[in-house]
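Read off the chains here:
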Amino acid sequence: MISGDINKKIRNYFEYLLENSDAEHPMWNQELISYGVPNKWNYIDGCMITAVLALYEMTGEERYFNFAKDFVDAYVQEDGEIRTYDTKEHNLDNINAARNLFVLYEKTGDEKYKKAIGKVRSQLDSMPRTKEGNFWHKQIYPWQVWLDGMYMAQPFYMQYETVFNGMEKCYDSIHMFENVVRIMKDPKTGLYYHGYDESREMYWADPKTGLSRNFWLRAIGWFAMALVDTASVISETLYYEYRFLQKTLQDLVDALIPFQDESGMFWQVVDHPGVPGNYLETSGTALIACAILKGVRLGYLPEKYAEVGIKAFNGIEEKYLTVEEDGKLSLGGICLVAGLGGKTHRDGSLEYYFSEPVVKNEAKGIAPFLLAYTEILRRNHEF
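### Digging into the overall build of the protein
Summing up its helical and strand segments, the protein has 14 helices and six strands in all. Scaling as 2.2 N^0.38, a compact globule of 383 residues should have a C-alpha radius of gyration of about 21 Å, and the protein matches this with 19 Å. If one aligns the C-alpha atoms of the protein with their principal axes, the spans along those axes are about 50 × 50 × 45 Å. In the protein, which comprises 383 residues, the proportion classed as buried is 62%. Total accessible area on the protein stands at roughly 15,200 Å², and carbon and sulfur atoms take up 50% of it. Distance between charge centroids for the protein: 2 Å, based on 40 positive and 55 negative side chains.

This is the structure in structure tokens:
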């Protein structure tokens, strides 16, 4: 349950973010702010618009829908082209924001959204793949599969195939999940490694397994959300595949529960609680909370799991949703970014994950926190 005071506190924070943001200047995109570059079509804003649309779905308040539509319309042109988006970049991150186009098309019937959906879907036709069949995370990361990319692409892929393509490639999507479970799941803990390099040539990859070294919380959170969101758009006629996603989700949650801190939160590197440099991290905890609560609501997880998700959400609110000196609310404890390889030689070590900046008011933490909030409101029948 959320008390009246906390509920008001979170809604005020949500309103503050929207009042101070638009498509060109989203105050929640701290990467954009820190780099000082013009905004473009990206998954960070996509996550936030998903949260805005979730609140619209619950409340029916048109101003939330209008905000989301205005934001998206700054990029989607009348002919379906998406400003600043290039399919040839072959970056799975760019797929995620297109999930919001399904909602806009369903409500408005405007063909430009359907055309834009088709444009994004075309990227997957030319997306390079591993020999096992998974999309590369990005063209600049050849032969690599990251958990993050499963969230960025698979819910969109499954929804497109189900809605517009007669379920033709649904099995392809499931096959990618099966590969991740087979290759990237640790048999001892049940947790998943952040990345896998099929070529085994990257310095961060184990030369025998191709796996990265550690269990990064947000990557696991992305994967949990990929499972629940993909299950929510697959046809139940695909009985085995539908149940496979649910079982994989429950197995993952069961693996995570022993690592949940007494505060309710999870650690930046999941299986190293209390190690110097490690910290309780907001974005990954929120993703896990949301995945659990949505999974319970949709019947993928037994009701008893809800208390795990609620405890995680409450832990974030108590530790990191604070009032600043200027009286404004702020959500902290958010890892700005983490990855593998690249120009800064991200080696997947503990020291690396502990070294990335921890920031406030960043959408990778805000969006899943607000999505988890809407799930709790649904449970409480607040609207």
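### What to know about the pattern of salt bridges
Applying the stated criterion to the full structure yields 26 salt bridges. Measuring nitrogen to oxygen at the nearest pair gives 3.4 Å for the salt bridge that ties Lys112 to Glu78. With Lys112 in helix H6 (residues 111-125) and Glu78 in the loop between helix H4 (62-73) and helix H5 (99-108), this pair connects stretches of sequence that are 34 residues apart. Its salt-bridge partner being Asp172, residue Arg129 comes within 2.7 Å of it at the nearest N-O pair. One end of the pair, Arg129, is in the loop between H6 and strand E1 (144-146); the other, Asp172, is in helix H8 (residues 170-184), with 43 residues separating them in the sequence. Accessibility expressed as a relative area gives 18% for Asp172, which makes it buried. Through salt bridges that share partners, Arg11, Glu15, Glu61 and Arg63 make up one connected network.

### Section: the environment of Ala23
Locating Ala23 in the fold gives a position in the loop between helix H1 (4-19) and helix H2 (30-35). For Ala23 and Lys40, which are 17 residues apart along the polypeptide, the C-alpha to C-alpha distance reads 8.5 Å. Apart from residues lying up to four places away in sequence, Ala23 is in contact with Asn39, Phe71, Ala74 and Tyr75.

### Some remarks on the packing of helix H9 (residues 217-231) against helix H10 (residues 239-256)
H10 packs onto H9 with a crossing angle of 150 degrees between their chain directions and a minimal axis gap of 9 Å. Relative to H10, the element H9 is oriented roughly antiparallel. Of the two possible hands of crossing, H9 and H10 adopt the one that is left-handed. Where H9 abuts H10, its residues Ile220, Phe223, Ala224, Leu227, Val228, Thr230 and Ala231 lie against Tyr242, Leu245, Thr248, Leu249, Leu252 and Leu256. Its residues placed into classes, the contact of H9 with H10 shows 11 nonpolar, two polar and no charged.

### Details of empty space enclosed by the protein
Going through the model one piece at a time under the given rule, you end up with four cavities of 30 Å³ or more. Taken as a whole, the largest cavity encloses approximately 80 Å³ of empty space. Lys40, Trp41, Asn42, Asp45, Gly46, Ile49, Phe71, Val72, Tyr75, Ala97 and Asn100 are the residues that line the largest cavity. Of all the secondary-structure elements, those providing two or more residues to the lining of the largest cavity are helix H3 (43-59) and H4. By residue number, the principal contributor to the lining of the largest cavity is H3, which donates three residues. Taken together, the residues that form the lining of the largest cavity break down as six nonpolar, three polar and two charged.

### Thoughts on unusual backbone geometry
For Met167, which is not glycine, the phi torsion reads 65 degrees and is therefore positive. Position of Met167 relative to the elements: it lies in the loop between helix H7 (147-164) and H8. Residue classification places Met167 among the partly exposed positions, given a relative accessible area of 25%. Unusually for a residue other than glycine, Asn361 sits at a positive phi of about 55 degrees. Position of Asn361 among the secondary structure elements: in the loop between strand E6 (358-359) and helix H14 (363-380). The buried category is assigned to Asn361, whose relative accessible area is 13%.

### Re the packing of aromatic side chains
Across all of its chains, the model carries 24 aromatic pairs by this definition. Measuring from centroid to centroid gives 5.3 Å for Tyr56 and Phe65, while their planes differ by 45 degrees, and the two rings are tilted. Accessibility assignment for this pair places Tyr56 and Phe65 in one class, buried. Sitting over the ring of Phe65, Lys107 keeps its end group 5.0 Å from the ring centre. For Lys319, the ring lying beneath its charged end belongs to Tyr320, and the centroid distance is 5.3 Å.

### Things to note about helix H11 (residues 282-297)
For H11, built from 16 residues, the straight-helix expectation of 22 Å at 1.5 Å per residue is met to within 8% by its first-to-last C-alpha distance of 22 Å. The element H11 is largely enclosed, with a buried count of 15 among its 16 residues. Just beyond H11, the residue with positive phi is Gly299, at close to 85 degrees.

### Notes on the packing of H5 against H7
Where H5 contacts H7, the axes come no closer than 9 Å and their chain directions differ by 35 degrees. Facing H5, whose interface residues are Arg99, Phe102 and Tyr105, H7 presents Tyr151, Pro155, Phe156, Gln159, Tyr160 and Phe164.

### Some thoughts on the environment of Leu227
By the element assignment, Leu227 lies in helix H9. As for Leu227 and Tyr151, which are separated by 76 residues in sequence, their C-alpha atoms are 7.9 Å apart.

### Comments concerning the side chain of Glu161
Relative to the assigned elements, Glu161 resides in helix H7. For Glu161, the residues in contact, after removing those within four places along its chain, are Arg121, Gly166, Met167, Glu168, Lys169 and Cys170.

### Concerning the side chain of Glu362
One can find Glu362 in the loop between E6 and H14. One polar contact links the side chain of Glu362 to the main-chain amide nitrogen of Lys364, over a distance of 2.8 Å. The contact partners of Glu362, leaving out residues within four places of it in the chain, are Trp28, Asn29, Gln30, Glu31, Ile44, Ile334 and Leu336.

The rules behind these values
- Residues numbered from 1 in each chain as written.
- Predicted model: local features only at pLDDT ≥ 70, side-chain atom pairs only at ≥ 80, totals over all residues.
- Heavy atoms only, no water.
- Helix = DSSP H or I, 4+ residues; strand = E, 2+ residues; numbered from the N terminus.
- Rg over C-alpha atoms; globule rule 2.2 N^0.38 Å.
- Buried < 20%, exposed > 50% of the residue type's maximum accessible area, 1.4 Å probe, protein only.
- Areas by Shrake-Rupley, 256 points an atom, 1.4 Å probe, with all protein chains shown as cover.
- Lys, Arg positive; Asp, Glu negative; His and termini not counted.
- Charge placed at Lys NZ, Arg CZ, Asp CG, Glu CD.
- Salt bridge = Lys/Arg side-chain N within 4 Å of Asp/Glu carboxyl O.
- Contact = heavy atoms within 4.5 Å.
- Axes fitted to C-alpha atoms, helices over the stretch in contact; angles between N-to-C directions.
- Parallel < 35°, antiparallel > 145°, perpendicular 65-115°, else oblique.
- Left-handed = near helix turned anticlockwise from the far one by under 90°.
- Nonpolar A, V, L, I, M, F, W, Y, C, P; charged D, E, K, R; others polar.
- 1 Å grid on protein atoms, 1.4 Å probe; cavity = no way out; pocket = protein on both sides within 12 Å on 5 of 7 lines; lining within 4 Å.
- Points joined across faces, edges and corners; volume = space filled by probe spheres on them.
- Phe/Tyr/Trp six-rings, centres within 6.5 Å; stacked < 30°, edge-to-face > 60°.
- Lys NZ or Arg CZ within 6 Å of the ring centre and 35° of its normal.
- Expected span 1.5 Å × (residues − 1).
- Polar contact = N/O pair within 3.5 Å; in protein donor to acceptor, adjacent residues only side chain to side chain.

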